[in-house]
Structures are given as structure tokens and as C-alpha cells.
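Here are the chains, one letter per residue:
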Amino acid sequence: MKPEEKQKRARLRRVVEALLFVSASPLSSGRISRVMEEADTSLVRELLEELRQEYDTSGKPVFIQKVAGGWRMATRPEYAEWVRKLFSGDMVLRLSRAAMETLAIIAYRQPVTTQDVELIRGVSSGAVIRGLLEKRLVKIAGRKEVIGRPILYRTTERFLEYFGLESVADLPPLEELGIEREIQELIDERDKKENRPDRSQDQQSA
Amino acid sequence: MSKPEVFSRQWKVDTENFEGPLDLLLHLIRSRDLDIYDIPIAEITSEYLKYLEIIKNLNIDNAGEFIVMAAVLMRIKSRMLLPSEDPESEEEESAEDMRRNLIERLIEYKRFKEAAGVLSDREERYSGIFPLQQYPVKEFGQEVEATLFDLLDAFRELVANAREDVKDIITEEISVEDKIRYILSILEKGSGRVEVEKFIENKRSVMDIIVTLLALLELARMRQIKIIQPVRFGKIFATGTGSSEPEPAPGSDG
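All residue numbers refer to positions counted from 1 along the written sequence of the respective chain. Lettering for chains starts from A, numbering for ligands starts from 1, and both go in the order in which the items are written. Owing to the predicted nature of the model, reporting of local features is limited to residues with pLDDT of at least 70; listing and counting of side-chain atom pairs is limited to 80 or more, with chain, interface and lining totals taken over all residues. With hydrogens and water set aside, each side-chain value is computed from the structure's full complement of heavy atoms.

A. Molecular detail of the overall build of chain A. Each helix is a run of DSSP H or I of at least 4 residues and each strand a run of E of at least 2, with the numbering of both proceeding from the N terminus. Helix and strand counts for chain A come out as nine helices and four strands. Split into buried and exposed, the 206 residues of chain A put 39% on the buried side. When contacts within chain A are restricted to residue pairs at least 6 apart in sequence, those whose partners lie at least 24 apart make up 45%. With residues, only the protein chains shown are counted as cover, and all accessible areas are computed by Shrake-Rupley using a 1.4 Å probe. Total accessible area on chain A is roughly 12,300 Å²; 52% of this is exposed by carbon and sulfur atoms. Think of it in three bands: residues with accessible area under 20% of the maximum for their type are buried, residues over 50% are exposed, and the middle band is partly exposed, with areas taken using a 1.4 Å probe on protein chains only. Throughout, a residue-residue contact means that at least one pair of heavy atoms, one from each residue, lies within 4.5 Å.

Okay, here's the thing in C-alpha cells:
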């Protein structure tokens, strides 16, 4: 690469950095490219990748996170303690188990109706869904064209951001989930039956 | 076993986070070391019914859901006792089909429970990552929308101040429609957010103040504007919603 080309590239990278810095929500490479004009989407993607490496190797407390179909800057988890303190007493809110189950069903089966969720969970779920709507983790995605035209729900971008996902496709395939756990259970059980301490040695080997 | 006093109907268990019948079945399968793919219906039914007794006494709101499941289990169990003349018979759902259905439901539910676990792990991992510019207030909405009461408070104050000078209030008449057009014209000129007081042309006129309030409420209802209060108990602003071309006000007659 010629020196002037290299220089130009470095300048473009700084522009990308500036845009990421000011944006509160993840920016897609397309969006960045439209703003920059000089760089097409594939170049922007290269620049983002370079920037990410730059941040990763520099040991900065901020990193470039690929999330919800875009890119953003965020502080590394090591600094969470202080960031939380800065936001004076900002409590760490955790979703309830019912909310997690409901979100999982919506995420994997979207778009779904309340009834679809209830069929799987076996318990009424309207209130849980309303709570998720309020937290903007799910949104209304129209109505199902069946009798009663029930509301359909989808997960939001905020859902992706909250769970650090690039897209819903990033979630592990559902079919693999039960099995993995089952295999693990079988292994655990065998270990227990054979009264073998597992790999972590702190278990007492009577 | 007689039920203890505490289990009387005086209190109700909030069930939003309470496990349902499928959780109970999974719990039984786990704790009794049963094979989920080959559930012994007779055994699990009797175990389930023991729990059902307790659940009924707990007076939880979704006890009905547990009872429905008990009925399903008992139906499978009773049908299994009947000799089936023709195993290929398609007339009625066989006990085996019903059992398979239940097993499939349980397995599906279990998968989603696992998926919920995956999400929980991710929540744990990503809750310590803060994007730039994200102030926690934004958790529930980009801009804090003022409540109706915030707006009423602001106007109540204005009305109280206007009352000192009441002589000229009867003379002029302003319609809500005119005010709506006035507000939209100001917002269209740009400049983002405008303090709601600015829409009142004559601050001494109670009529003007009230009409402005009604116009703002109407516009907010039609989603033509957003009423926001950036700082709690602070000044209230209106902004255009941006997206839409203003619709004519309802009942507007020019």
C-alpha cells in the first residue's frame, strides 16, 4: 500500500471511530458508509475490523462490540463496578425466570402470540409479556390472521443488545440444548454412581 | 392430613414467577430419577396428585392449570388400563399417543428452559458492558415522556398566575383547532423541542392557557407531537414526532 493510501485509510478509520463514539445505538456498516460517502460498505467493514483490533491490542477500557446487527463502543466488563458507581446506585436488574422463559420462546419462535407462549409454558403468560413490552425487549409485530386476530410479538434490537447478540440466529439451536444438558446429566450421574470426584478437586472424595 | 391454618384462603401466592404444571412434572422426573423419554404414567400420576393436594391448599391463582394437567395424566392412566383391541385403530387417540404427546411437550418445554438458561448466562455476561452515552435513565425510553399529571401541574401553575388579571379573558375566543394549527406551525419551523409555555400567546388569559392545554393533549393523542420532560419536575417541552405529515384536526371547519 502506498503511503498516501495508508494515510487515507488511517483517516477514514478515525472517521469511523468518531461516528461510533457519538452513537448511542449500534451503527451498521451500511449506515456508516452512507455517512462517509468515501467508503463503501465492505471498506467500512474492514475499517471496523481494524479499529476493533486496535482497541483490543491497546488495552483501552473501551472496546468495539459487534451487536444487534451493528457496531458500537462499550466499556469492558472489568470496569462495570466503577461505571455502576458513577451511575449512582444504578441497580443491576435481572429478569425473572418467567420472563427469561417467555423471552426464549419468543426469540426462537417469533412471531408468536400469547397463546403460543402459554401452550409451551403451560401457564398464563400475558402479564409477563406485558412486562417485556415495557422493558422494550419485545415488540408487537402485527396480528395473526386467525379468529380473534391475536397480537404477534417479536424480540427487539434492544433484546439483542441486552444479551450481546448480533442476531437471533446467534442463539444456539434449540434442538441441541436439551441434549447437551442431558449428556452432561448422564455424565454427572455416572460420576456420582461411581463416586468419583469430578475434575474440580474441591469436592470431597470420601 | 388436615391442612394447617396458614394454608387457608386468606392469602394468595402471586404466580407470575411460580412454576407451572410442566415444571412440576420435570421436577418429579428429575427427583424420582425417571427417564423423560419413557415416563411411567402410573407412578408419575400418583406423585403428581400428592403435590396437587398441597397446591390446592396454597390457593395460588394458577391452581387450575395444575388441575388440568392432573386430568390429562389421569386420562392417560385410565386409558392405559383398558385393553386396546386394535392397536392400529385411529378412531381415538390411544393412551400411547397421549403419553407421547405429553412427553413431547415436556421435552419442548425443557428445551426452552435450557434456552432461558442460555439467556440468563448471557445477561450475566453482558450486564457489565456499558455502551457510550448510555445513561441509565434511557432504560425505559429514549426521552422521558411527561405524564398527563406533569403537564396538568405545569398548567395549573400557569392558570393560578393568570388569575391575577381576569378582566380581559372574556373578550377573545380561541378555538382548539386554531391552537393546534398554531402549535404545529411553530414546531414545523424546526428547532426541535419547544417549551409548552411558548404556545400560550397571552399568558394572562386563562382561556388561552386552557385551550393550549387541550390542543397539546389532542396533538399528543393523535401522536402528532411528543410531550417530554427531560429533567424530572423540570420544564415540559413538545416536539414533533417527525415521521408524519400533520393530519387535519378532527372537526376542523377552517
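Having put the structure on the table, let's press on.
B. Region of interest: a nonpolar patch on the surface. Put simply, a patch holds well-exposed residues, over 30% relative accessible area, that have no salt bridge, with like charges counted together within 9 Å and Val, Leu, Ile, Met, Phe, Trp or Tyr side chains within 5 Å. Salt bridge, as used here: a side-chain nitrogen of Lys or Arg that lies within 4 Å of a carboxyl oxygen of Asp or Glu. A cluster of nonpolar side chains, Leu148, Phe149 and Leu152 of chain B, forms an exposed patch at the surface whose accessible area comes to about 300 Å². Residue placement: leucine 148 of chain B occurs in helix α5 (residues 148-162).

C. Summary view of the interface of chain A and chain B. At the junction of the two partners, chain A supplies 58 residues and chain B supplies 44 residues. Counting across the chain A and chain B interface gives three salt bridges. Linking arginine 109 of chain A and glutamate 108 of chain B is a salt bridge whose minimum nitrogen-to-oxygen distance equals 2.7 Å. Identification of polar contacts relies on pairs of N or O atoms within 3.5 Å, with a donor-acceptor requirement for protein atoms, meaning one able to donate a hydrogen and the other able to accept it, and with residues adjacent in sequence counted only if both atoms are side-chain atoms. Linking chain A with chain B are nine residue pairs in polar contact (both at pLDDT 80 or more), by the criterion used here. Partitioned by chemical class, the residues of the side of chain A that touches chain B number 32 nonpolar, eight polar and 18 charged. Charged means Asp, Glu, Lys or Arg here, nonpolar means Ala, Val, Leu, Ile, Met, Phe, Trp, Tyr, Cys or Pro, and polar covers whatever is left, Gly included.

D. Broad picture of the nonpolar core. Nonpolar cores are built from buried Ala, Val, Leu, Ile, Met, Phe, Trp, Tyr and Cys residues. Side-chain atoms within 4.5 Å join them into one set. Of all hydrophobic cores here, the largest spans 58 residues; its most connected members are Leu103 and Phe159 of chain A together with Leu25, Tyr48 and Leu106 of chain B. The dominant element in this core, judged by the number of residues it contributes, is helix α4 (residues 95-126) of chain B, at 11 residues. In this view, phenylalanine 159 of chain A contacts Leu103, Ala107, Leu137 and Leu165 of chain A together with Leu119 of chain B; residues no more than four positions away in its chain are not counted. With 25 residues, the next largest nonpolar core counts Val159, Phe199, Leu219 and Ala238 of chain B among its residues.

E. Broad picture of the pairing of strand β1 (residues 62-67) of chain A. Along β1 of chain A, five of the six residues are buried, which leaves the element largely enclosed by surrounding structure. When DSSP finds at least two bridges between two strands, those strands are taken to pair. In textbook terms, the turn of a hairpin is the stretch between consecutive antiparallel strands, and for β1 of chain A and strand β2 (residues 70-75) of chain A this stretch comprises two residues, one of which, alanine 68 of chain A, has a positive phi near 50°.

F. Representation of the packing of helix α1 (residues 3-22) of chain A against helix α2 (residues 29-36) of chain A. Residue and element names in this part refer to chain A. A fitted line through C-alpha atoms represents every axis, and for helices the fit uses only the stretch in contact; the resulting angles, taken between N-to-C directions, go from 0 to 180 degrees. Relative orientation of the contacting elements α1 and α2 amounts to 115°, with a least axis distance of 11 Å. Here α1 and α2 pass one another in a crossing that is right-handed. Across from Leu12, Val15, Val16, Leu19 and Leu20 in α1, the residues of α2 making contact are Ile32, Val35 and Met36. When its residues are assigned to classes, the contact of α1 with α2 shows eight nonpolar, no polar and no charged. Take the far helix as the reference: if the near one is turned anticlockwise from it by less than a right angle, the crossing is left-handed, and if turned clockwise, right-handed.

G. Fine view of the packing of aromatic side chains. Residue and element names in this part refer to chain A. Under the pairing criterion, centres of Phe, Tyr and Trp rings, with the six-membered ring standing for Trp, must be within 6.5 Å; the plane angle then separates stacked pairs below 30 degrees from edge-to-face pairs above 60, leaving the rest tilted. Per the counting criterion, the structure on display carries three aromatic pairs over all chains. Considering the side-chain rings of tyrosine 162 and phenylalanine 163, the 4.9 Å spacing of their centres and the 80° angle between planes classify their relative orientation as edge-to-face. Residue classification places tyrosine 162 among the partly exposed positions, given a relative accessible area of 21%. On the basis of relative accessibility, which here comes to 0%, the residue phenylalanine 163 falls in the buried class.

H. Looking closely at the pattern of salt bridges. All names here are of chain A. Inspection of the entire model under this criterion finds 26 salt bridges over all chains. Between glutamate 50 and arginine 13 there is a salt bridge, and its shortest N-O distance comes to 2.7 Å. With glutamate 50 in helix α3 (residues 41-58) and arginine 13 in helix α1, this pair connects stretches of sequence that are 37 residues apart. A salt bridge links arginine 52 to glutamate 49, with the shortest nitrogen-to-oxygen separation between them at 3.3 Å.

I. A look at the side chain of arginine 9 of chain A. Residue and element names in this part refer to chain A. Note on placement: arginine 9 falls in helix α1. Here arginine 9 falls in the buried class, since its relative accessible area comes to 17%. In terms of polar contacts, arginine 9 uses its side chain to reach the side chain of glutamate 46, at 2.6 Å. Excluding anything up to four places from it in sequence, arginine 9 contacts Met1, Leu43, Glu46, Leu47 and Glu50.

J. Fine view of the confidence of the model for chain A. Note: pLDDT gives the predictor's confidence per residue, expressed from 0 to 100. When pLDDT is averaged along chain A, the result is 83; 85% of the residues meet or exceed 70. Ignoring residues within four places in sequence, the model shows residues 196-206 of chain A, a span with pLDDT below 50, making six contacts including any to other chains.

K. Up close: the packing of α5 of chain B against helix α7 (residues 206-221) of chain B. Residues and elements named next belong to chain B. Between α5 and α7, the shortest axis-to-axis distance is 9 Å and the interhelical angle comes to 170°. Here α5 lies roughly antiparallel to α7, going by the angle between them. By crossing handedness, the relation of α5 to α7 is classed as right-handed. Where α5 approaches α7, its residues Leu148, Leu151, Leu152, Phe155, Leu158, Val159 and Ala162 are matched on the opposing element by Val206, Ile209, Ile210, Thr212, Leu213, Leu216 and Leu217. Residue composition of the contact of α5 with α7, by class: 13 nonpolar, one polar and no charged. Note on angle classes: values under 35 degrees are labelled roughly parallel, values over 145 roughly antiparallel, values of 65 to 115 roughly perpendicular, and the remainder oblique.

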